[in-house]
Amino acid sequence: MASPCSTSPWRATVLTLYPDLFPGPLDASVLGRGRAAGRWALETVNIRDFSDNAYGSVDAPPFGGGAGLVMRADILAAAIDSVDREGRPVICLTPRGAPLTQARARALSAGPGLIALCGRFEGVDERLFEARQVEEISIGDFVLAGGEIAAMALIESCVRLIPGVLGCASSLGEESFEGGLLEYPQYARPRDFEGRAVPDVLLSGDHQKIADWRRDKAIEITRTRRPDLYRRHVEGGPIRRGNDKDDAP
């Protein structure tokens with residue numbers, strides 16, 4: 001597991017046609033400070049370096065016809081083979097992949113790192129996935145022009161979980177998706193904002209009442225905004241709530 005005491009940092013390698021896009025936002029705020037402190041490392045590999053022609057092309061028309069071009073398996077395989085995997089999974093960011101979850105991000109953050117393959121054009125030759133054991137992950141039910149932004153989201157979701165990267169590690173346990181629920185509402189100064197007051201319970205000093213209120217709100221928000229998560233949470237076990245005894249959706 002990557003940690004402040006590890007001999008080597010958690011490593012992210014990005015295979016991309018546009019290496020100049022990195023590190024981008026991954027070098028800002030706590031992520032950038034964590035990288036500067038050696039808690040994690042980032043490198044890019046330009047896929048065009050493995051092209052077999054003077055034009056640097058990496059794609060070809062799809063067999064069977066169809067619009068667009070497909071990234072070639074032989075060129076992508078050469079790019080992957082140039083990287084020392086060191087037990088790291090190769091992950092292709094694609095809309096058809098398994099949804100990225102907090103649980104998957106946590107599992108990846110506990111390992112040595114990952115290798116992110118950023119697709120472009122109409123996609124990747126199917127044979128690559130089996131030939132190089134490439135995992136497919138999606139960050140949502142939408143389509144982007146390429147996998148670079150998705151790779152940044154994946155890497156950030158992992159890096160922020162590495163011990164020592166965030167300033168307050170205890171806050172991780174109360175975030176959305178931890179415990180199967182979305183996060184409860186947050187309030188700060190001023191107490192009154194345009195006639196909207198902070199809920200009295202948060203000013204009461206009663207820690208148990210505050211915890212119950214936050215739990216109730218997390219359940220309410222999850223039930224109304226993400227019924228799929230709510231059903232999954234209910235099926236996983238009983239929900240203990242402050243005032244509402246009916247757990248039916």
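From a predicted model like this one, the values you see are computed outputs, not experimental measurements.

1. Let's talk about the overall build of the chain
Part 1 of the reasoning: Broken down by element type, the chain carries seven helices and nine strands.
Part 2 of the reasoning: When each of the 249 residues of the chain is scored for burial, the buried share is 38%.
Part 3 of the reasoning: Counted over contacts in the chain with a minimum sequence separation of 6, partners at least 24 positions apart contribute 73%.
Part 4 of the reasoning: Summing over all exposed atoms, the chain offers an accessible surface of approximately 14200 Å²; the carbon and sulfur share of this is 52%.

2. Some words on the side chain of Asp 125
Part 1 of the reasoning: With respect to the element layout, Asp 125 can be found in the loop between β6 (113-118) and α4 (127-131).
Part 2 of the reasoning: Asp 125 gets classed as buried once you look at its relative accessible area, which sits at 17%.
Part 3 of the reasoning: Within polar-contact distance, the side chain of Asp 125 engages the side chain of Arg 127 at 2.7 Å.
Part 4 of the reasoning: When sequence neighbours within four positions are dropped, the list of residues in contact with Asp 125 reads Val 70, Met 71, Arg 72 and Ala 73.

3. Quick look at helix α1 (residues 29-36)
Part 1 of the reasoning: Of the residues making up α1, those classed as buried are Leu 31, Gly 32 and Gly 34. The buried residues of α1 occupy an angular sector of 160° when the element is viewed end-on, so they sit on one face. Seen from the buried face of α1, the exposed residues on the opposite side, beyond 90 degrees, are Ser 29, Arg 33 and Ala 36.
Part 2 of the reasoning: Packing partners of the buried residues in α1 comprise β2 (40-46) and α5 (148-159).
Part 3 of the reasoning: Where α1 ends, the next residue or the one after it, Gly 38, has phi of about 85°, a positive value.

4. Focus: the packing of helix α3 (residues 102-109) against α5
Part 1 of the reasoning: Where α3 contacts α5, the two axes come as close as 8 Å, and the packing angle between them is 70°. Classified by the angle their axes make, α3 and α5 are roughly perpendicular. Remark: the crossing between α3 and α5 carries right-handed chirality. Counting all contacts with α3, which are made through Ala 105, Leu 108 and Ser 109, the residues of α5 involved are Leu 154, Ser 157 and Cys 158.
Part 2 of the reasoning: Across the contact of α3 with α5, the residue classes tally to four nonpolar, two polar and no charged.

How each quantity is defined
Residues numbered from 1 in each chain as written. Predicted model: local features only at pLDDT ≥ 70, side-chain atom pairs only at ≥ 80, totals over all residues. Heavy atoms only, no water. Helix = DSSP H or I, 4+ residues; strand = E, 2+ residues; numbered from the N terminus. Buried < 20%, exposed > 50% of the residue type's maximum accessible area, 1.4 Å probe, protein only. Contact = heavy atoms within 4.5 Å. Areas by Shrake-Rupley, 256 points an atom, 1.4 Å probe, with all protein chains shown as cover. Polar contact = N/O pair within 3.5 Å; in protein donor to acceptor, adjacent residues only side chain to side chain. Arc of directions from axis to C-beta. Axes fitted to C-alpha atoms, helices over the stretch in contact; angles between N-to-C directions. Parallel < 35°, antiparallel > 145°, perpendicular 65-115°, else oblique. Left-handed = near helix turned anticlockwise from the far one by under 90°. Nonpolar A, V, L, I, M, F, W, Y, C, P; charged D, E, K, R; others polar.

None of the figures reported here should be taken as evidence of function without further support.
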